[in-house]
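Below are the chains, spelled out letter by letter.
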Amino acid sequence: MTMDFLRKVGAWIAPPPPKADDGRDQWPSRAAFLLAAMGGCAGQGNLLRYPSVLYNNYGLQWFVPYLLAVFLIAIPALILEVSIGQAYRGGTVIAFNNINRRLKGVGMGPVIVSFIVVQYFTVNLAWIMNYFRWSFTSPLPWEGRIEDFYWNDVLKVGEIVEGSLSPDGKSVASYQQYFSRALIGETVGWSIFIWFLIWFSIFRGVGMTGRVVYFTMGLPIVTTIIFVGRALSLDNASEGVALIWRTWRTDQLASGTVWQVAVGQVFFSTGIGFGYFTSYASYNQKHSNAVMDAILICGSNVLFENFAAFAIFGVVGYLRRWPQDGERLGAFVVGFLTLPEAVLQMPGANFWAILLFFTLVVLGFSSAFVMLDVVVTLICDSGMVKASRPIVVTVLTVVSFLMCLPYCTGFGYYLLDGVDRWVNNVALIFVAWSEVSSATTVYRWRDVVEQTGLPAFIVYQIGFFGGQIFGISLAHGINSPAAGAEAGIAFWVAGSIVAVLIARTPNAKAARFWNWSNFIRKFWFLAFYSGNQIRRDLNLIVGQGKNWKIPFFLPFLLRYISGPALAIVFSFAFPEFHTLRYDPMMITGFILSILTIIVVLVGFVMPRYYDAFIPIGRRGEGTEPTTAMETKGDFAGMPISQIANAEGGLPRDSSLDHDDKAVKDDVAPPAYSSNGLRT
C-alpha cells in the first residue's frame, strides 16, 4: 500500500508525458508549450544581460538595429525553427536532415551553442543564489557598498595583470595574467543546487516541464511589475529612463559594434540558434499553429525585456551612475549593480531582496533547463544509447556540472565574459546564418537542377554567396561599407545574369507573375524556388485549417535579408577580436566559437559522420522523390519505406494527391493519418 501511494504521489509530482498518435511525447497543452518556450526567452537575458547591453549602447538609436533584428531576422528565423521541429517531429539534427542530408551539421550547431552557454549560465545563477542567501541578513550586507560586494563578496575575483598590444597593434606585447585559479566553495555549492533544479525539471520529459513552467513564468511577471513601479518612483529615476528614451546618438549607428551587439542580444534573449524551439516544437501536436506561436513567443520576449529595463534604469538615474565613454561593462553586470540597490529603497528590504533574487533564479533556471533539454532531445531521439531519459538527463547533468567548474574560480567572471562575448557574436550568429541560408538554398535543390541544369545552379550560388564574401571583405579592406555593398550586389547580379543565360528553360511553371518570360522564369527557379517550396510543404502541415500560414514573403526575408545581414554582423567580430587577442579568456571563447563553426561545415562536407545522431529508421527522410512545383504532402516523420509506398512504390488511390490549390486559397487540404491514408 505504501509503495502504491508513493508511486501515485510521484506520478502526480512528475507525471509521464502524454503521447501523440506517432508515439512521440507531447505537451499536456498548447499553453504549456508556449510558457516553456517563453521561459526559454525570459530569463537572465532579459533582466540582467539586456540592461547591461542597453547601458553600454545607451540612446534611442539602439532600437534601430534592435527592432530591425527582431522583425527581419528573429521572427522569420523563429517561424522556421518552430515549423520544422513541429513538422519533422525531431530536434535540430533530425529536422535539418529532413531539409537536406548535408545539413545535419547545421542541426548540430545549436546543440553545441546551448551546451556551451548552459555551463556558464548556471554559474551566473549560483552568484544570484549568493545574493539570495545574504538577503536573510539584516541590514543587507551590500548597503553602501554595491560594487565592492559584487566583485569581492560574490564573484571573489582574483588579481590580474593587464595585457596589451604593441604600440602599432600588430603583435601582442604581453598576455593578460590571472593569478587566482582556486575553486570558490560557495559558488560550487550553489552550482550543484542549480543543476539539481535543472535535472528535476526535465528528467521526466515535457510532462514534468509542462507543470514547472506555470510557476517559472507566473511569479517573475508579478515581481517584475512591482520592481518597475518601485524603481520609477525613486528620486531622479526619470533621468535614468531618459538616458534611453530621450537620448539620440547618430554616430553610434555608424559603428559595426552596435549592430553586432543588437543582433547578438536579440538572439541570446529570444533563443534563436539555441535549438530549443525546434526541440520543444517537436513535442507539439503536428498541426498546431506554429506561425502564431512563433510570433507570440518573440513578441512577448521583446515586450518583457524592454518593460523590465525600466526597473534597471530607474535605479541608474537614482544612483547617477552614468555610462562613461570607453567604459564597457561585462554581460549581466549592470543588473547586479542596480537591482540590489532597488530593494534597499523599499520598506521591508529583506523581504523584497529575497523575492527579487528568488525570481531571478526562477527565471534563470527556466532558461537553463531548456538549453540542456536540446542535448537530451538529440541523444534520446537518436537511439544511440539504450538508457532511459532519466538516466540520460542524470549523466548529462553531472557532466555539465563538471564542465562548469572553471567558471567557479577566481578567474571565472573573466572566462564567462570571454566565452559569452564570442559564442554570441561568432558561433551563434554563424549558426543562425547557416540555418536561414541553407534552408532556402538546398531544400529540394534537385528540382532546380532538373529545371535549369547543374551549371546554372552552381554559378548562381557562387554569385550569391561569393557576393557576400567579396563585398564584406572589400568593405573592411578599404573601410567603406557603401563600396563593399555596391561591389557585393554587383557580384551577385553578374552571377545571376550568367546563371540565367546558361540555364535550361524550365518545363514547369513558376509562381504567379514570374512566367511572363523564360528569362524571368529561369531566374525565379534559381533564386526563389527552394525557399518557396519549403514554405508550401510546411504549410501543408503547420498551416492547415484556420492556422496562420507561413507568409509568401518569409523565404525572401530569410535568404536575402536575414542571411546577408547576419553575414555582415558576423564579419564585425574578427576585427574586434584582433584588438583583444592578448587576453587568454577572449582567446578561449573565440576558439570555442570557431570549433562550433567547424562542426557545422564538416557536416556539410561529410554528412555520414553525423548519421549516428539520427535513428536508423529515419535516416532516409528528406530523400524521397519530388516533382518541381508539387508539394511533398503530409509525409514528414514517416519511415522512408512508407513514404515510398505512399508516393508510388505500391498502388494507391489518386485521391492521395494533395491539392495545393487548397493551400493557396487558405482552404485546409484533406487530413491524412500516419500511414498516408485519408481520414
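Structural data are supplied above this passage.
Just so you know, these numbers come straight off a predicted model, no measurement behind them. (Residues numbered from 1 in each chain as written. Predicted model: local features only at pLDDT ≥ 70, side-chain atom pairs only at ≥ 80, totals over all residues. Heavy atoms only, no water.)

Caption draft 1: Broad picture of the overall build of the protein. A tally of helices and strands in the protein yields 25 helices and four strands. A buried classification covers 60% of the 679 residues belonging to the protein. Within the protein, contacts between residues separated by at least 24 positions form 79% of all contacts whose residues are at least 6 apart in sequence. Of the roughly 26,500 Å² of accessible surface on the protein, a fraction of 67% belongs to carbon and sulfur atoms. (Helix = DSSP H or I, 4+ residues; strand = E, 2+ residues; numbered from the N terminus. Buried < 20%, exposed > 50% of the residue type's maximum accessible area, 1.4 Å probe, protein only. Contact = heavy atoms within 4.5 Å. Areas by Shrake-Rupley, 256 points an atom, 1.4 Å probe, with all protein chains shown as cover.)

Caption draft 2: Spatial organisation of the environment of Arg619. Looking at the secondary structure, you find Arg619 in the loop between α23 (584-605) and α24 (640-649). Accessibility expressed as a relative area gives 35% for Arg619, which makes it partly exposed. With 518 residues separating them in the primary sequence, Arg619 and Arg101 have C-alpha atoms 8.3 Å apart. Leave out the neighbours within four places in its chain, and Arg619 touches Asn97, Asp611, Ala612 and Ile614. Within the local environment of Arg619, its side chain forms a polar contact with the backbone oxygen of Asp611, the two atoms lying 3.0 Å apart. (Polar contact = N/O pair within 3.5 Å; in protein donor to acceptor, adjacent residues only side chain to side chain.)

Caption draft 3: Region of the structure containing the pattern of salt bridges. On inspection of all chains with the given rule, the structure shows 11 salt bridges. Between Arg320 and Asp235 there is a salt bridge; the shortest N-O distance is 3.9 Å. Here Asp235 lies in the loop between α9 (206-232) and α10 (237-245) and Arg320 lies in the loop between α13 (290-319) and α14 (333-344), a separation of 85 residues in the sequence. Of the residues examined, Arg320 reaches a relative accessible area of 45% and is grouped as partly exposed. For Asp235, a relative accessible area of 53% puts it in the exposed group. Notably, a salt bridge pairs Asp447 with Arg444, separated by 2.9 Å at the nearest N-O pair. (Salt bridge = Lys/Arg side-chain N within 4 Å of Asp/Glu carboxyl O.)

Caption draft 4: Structural context of the nonpolar core. Among the nonpolar cores identified, the biggest contains 173 residues, and Trp62 and Trp142 are the most heavily contacted of them. Sorting elements by how many residues they give to this core places helix α15 (residues 349-382) first, with 20 residues. Apart from the residues within four sequence positions on either side, Trp62 is in contact with Tyr50, Val53, Leu54, Asn57, Val258, Val261, Ala262 and Gln265. Val448, Tyr460, Ala511 and Ala527 belong to the second largest nonpolar core, which has 22 residues in total. (Core = buried A, V, L, I, M, F, W, Y, C linked by side-chain atoms within 4.5 Å.)

Caption draft 5: Main features of helix α17 (residues 412-439). Between its terminal C-alpha atoms α17 stretches 38 Å, which fits the 40 Å expected from 28 residues at 1.5 Å a residue. At Val423, α17 shows its strongest bend, of approximately 40 degrees. (Expected span 1.5 Å × (residues − 1). Bend = angle between axes of the 7 residues up to and from the residue.)

Caption draft 6: Focus on the environment of His578. One can find His578 in helix α22 (residues 554-578). Once you skip the residues sitting within four places of it in the chain, His578 turns out to touch Leu165 and Gly169.

Caption draft 7: View of the packing of aromatic side chains. A full pass over the atoms with the stated rule returns 52 aromatic pairs. Considering the side-chain rings of Trp445 and Phe457, the 5.7 Å spacing of their centres and the 35 degrees angle between planes classify their relative orientation as tilted. Of this pair, Trp445 sits in helix α18 (residues 445-452) while Phe457 is found in helix α19 (residues 454-478), placing the two residues 12 residues apart along the sequence. Their ring planes at 85 degrees and their centres at 5.7 Å tell us that Phe574 and Phe590 sit as a pair that is edge-to-face. Of this pair, Phe574 sits in helix α22 while Phe590 is found in helix α23, placing the two residues 16 residues apart along the sequence. The ring of Tyr58 is capped by Arg249, whose NZ or CZ atom sits 3.7 Å from the centre of that ring. Geometry around Phe464 places Arg559 over its ring, the cationic atom sitting 4.6 Å from the centre. (Phe/Tyr/Trp six-rings, centres within 6.5 Å; stacked < 30°, edge-to-face > 60°. Lys NZ or Arg CZ within 6 Å of the ring centre and 35° of its normal.)

Caption draft 8: Representation of the packing of α19 against α22 in the model. Orientation of α19 relative to α22, taken along the N-to-C sense of each, is 35 degrees, at an axis distance of 10 Å. Here the hand of the crossing between α19 and α22 comes out right-handed. Taking contact as the criterion, the partners of Tyr460, Gln461, Phe464, Phe465, Gln468, Ile472 and His476 in α19 are, on α22, Arg559, Tyr560, Gly563, Pro564, Ala567, Ile568, Ser571, Phe572 and Pro575. Tallied by class, residues from the contact of α19 with α22 come to 10 nonpolar, five polar and one charged. (Axes fitted to C-alpha atoms, helices over the stretch in contact; angles between N-to-C directions. Left-handed = near helix turned anticlockwise from the far one by under 90°. Nonpolar A, V, L, I, M, F, W, Y, C, P; charged D, E, K, R; others polar.)

Caption draft 9: Up close: a nonpolar patch on the surface. A cluster of nonpolar side chains, contributed by Ile489, Val493, Ile497, Val498, Leu501, Ile502 and Phe519, occupies part of the molecular surface with about 620 Å² of accessible area. Ranked by the residues each element gives to the nonpolar patch, the list is headed by helix α20 (residues 481-502), at six residues. Within the secondary structure, Ile502 is located in helix α20. Owing to a relative accessible area of 44%, Ile502 belongs among the partly exposed residues under this scheme. (Patch = residues over 30% accessible without salt bridge, like charges linked within 9 Å, V, L, I, M, F, W, Y side chains within 5 Å.)

Caption draft 10: Just the packing of α10 against α13, in detail. Remark: α10 packs on α13, axes separated minimally by 6 Å, with the N-to-C direction vectors making an angle of 120 degrees. Classified by the interaxial angle, the pair formed by α10 and α13 is oblique. You can see that α10 and α13 cross each other, and the crossing is right-handed. Residue-level inspection shows Ala237, Gly240, Val241, Leu243, Ile244 and Trp245 of α10 in contact with α13, the latter providing Phe310, Phe313, Gly314, Val316, Gly317 and Tyr318. Considering only residue class, the contact of α10 with α13 consists of nine nonpolar, three polar and no charged. (Parallel < 35°, antiparallel > 145°, perpendicular 65-115°, else oblique.)

Caption draft 11: Structural detail: unusual backbone geometry. Note that the residue after Ser138, namely Pro139, is joined by a cis bond; omega there is 0 degrees. Within the secondary structure, Pro139 is located in the loop between α6 (104-134) and α7 (146-154). For Arg89, which is not glycine, the phi torsion reads 55 degrees and is therefore positive. Along the polypeptide, Arg89 turns up in the loop between α4 (63-88) and α5 (92-99). On the basis of relative accessibility, which here comes to 3%, the residue Arg89 falls in the buried class.

Caption draft 12: Highlighting α7. When we look at burial in α7, the residues that qualify are Ile146, Phe149, Tyr150 and Val154. The arc enclosing the buried residues of α7, seen along the axis, measures out at 100 degrees, which places them on a common side. Count one or two residues on from α7 and you reach Lys156, which has phi positive near 55 degrees. (Arc of directions from axis to C-beta.)

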